[in-house]
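# Geometric and topological summary
Okay, here's what each chain looks like letter by letter:
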Amino acid sequence: MSELVISCGLPGSGKTTYLKEYFPHHRYFSADDVRQELFGDASVQGNPAEIWEIVHGRALAAINERADLVIDGTFVRRRDRQMLLAMLTSGEHTPNRVRCLLFSTPLEQCLAWNASRERVVPEQVIRRMAEQLKKEPPGGTEGFNLIELVDPGSHR
């Protein structure tokens, strides 16, 4: 049985820390890791379409190997989640289970954790993303088998 886990949450919400701790046996994919590989610095944005194409390709290869995998990203926009699921669940091999982990970390906590990180996302960007996620939270029609609410603050 293969599982695809997709994170959904604001920068600074604890996604990466949580995913790496609670899914150590899943293959882990993130745009930050690709940016680090390509540019030597995860904060260099580069061409987002090119970066995500690499992430999608690697994730698809893992799915074809029937591996369990995690995709770490904000995915605050419904269309981004839908495009990701369409790419990763329409091939010859598809995951048996597709989970969305929705990080419920309060905005003010995300801003505080973000401010204490080495790579800080501008506050106005996080606030804009919070509004987007509020308007378009993950829903049952997107193709997830399960949407779980995660409060990483209770796991620290």
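In short, a report on the structure.

Basis of the calculations
- Residues numbered from 1 in each chain as written.
- Predicted model: local features only at pLDDT ≥ 70, side-chain atom pairs only at ≥ 80, totals over all residues.
- Heavy atoms only, no water.
- Helix = DSSP H or I, 4+ residues; strand = E, 2+ residues; numbered from the N terminus.
- Expected span 1.5 Å × (residues − 1).
- Buried < 20%, exposed > 50% of the residue type's maximum accessible area, 1.4 Å probe, protein only.
- Arc of directions from axis to C-beta.
- Core = buried A, V, L, I, M, F, W, Y, C linked by side-chain atoms within 4.5 Å.
- Contact = heavy atoms within 4.5 Å.
- Pairing = 2+ DSSP bridges.
- Axes fitted to C-alpha atoms, helices over the stretch in contact; angles between N-to-C directions.

The subject of this paragraph is helix α3 (residues 48-64). When the terminal C-alpha atoms of α3 are compared, their 24 Å separation across 17 residues agrees well with the 24 Å that a helix rising 1.5 Å per residue should span. For α3, every residue scored as buried is listed here: Ile51, Trp52, Val55, His56, Ala59, Ala62 and Ile63. Axial view of α3: buried residues confined to an arc of 130°, hence all on one face. Those residues of α3 that are exposed and angled more than 90 degrees off the buried face are Ala49 and Glu53.

As a further point, take the nonpolar core. The biggest cluster of nonpolar side chains holds 32 residues, and the ones touching the most others in it are Leu4, Ile6, Leu10, Phe29, Leu69, Ile71 and Leu88. Among the elements of the structure, β1 (3-8), α2 (31-39), α3, β3 (69-72), α4 (78-88), β4 (97-103), α5 (107-115) and α6 (123-135) are those that each provide at least two residues to this core. Sequence-distant contacts of Ile71, that is, excluding residues within four places in its chain, are made with Leu4, Val5, Ile6, Ser7, Phe29, Trp52, Val55, Ala59, Leu84 and Leu88. Grouped together as the second largest cluster of nonpolar side chains are eight residues, Val5, Phe23, Val70 and Phe103 included.

This next bit is on the sheet that holds β1. A sheet is described by the order of its strands in space; here five strands give the open sequence β2-β3-β1-β4-β5, paired in parallel fashion. Unpaired on one side and paired on the other, β2 (27-30) and β5 (146-150) mark the two borders of the sheet. Each strand axis lies, on average, 20° off the axis of its neighbour in the sheet, ignoring direction. Sheet topology places β2 next to β3; four bridges connect them, and they run parallel. What sits directly across from Ser30, in β3, is Asp72. Across the sheet, α3 is in contact with β2 and β3; its angle to β3 comes to roughly 165°.

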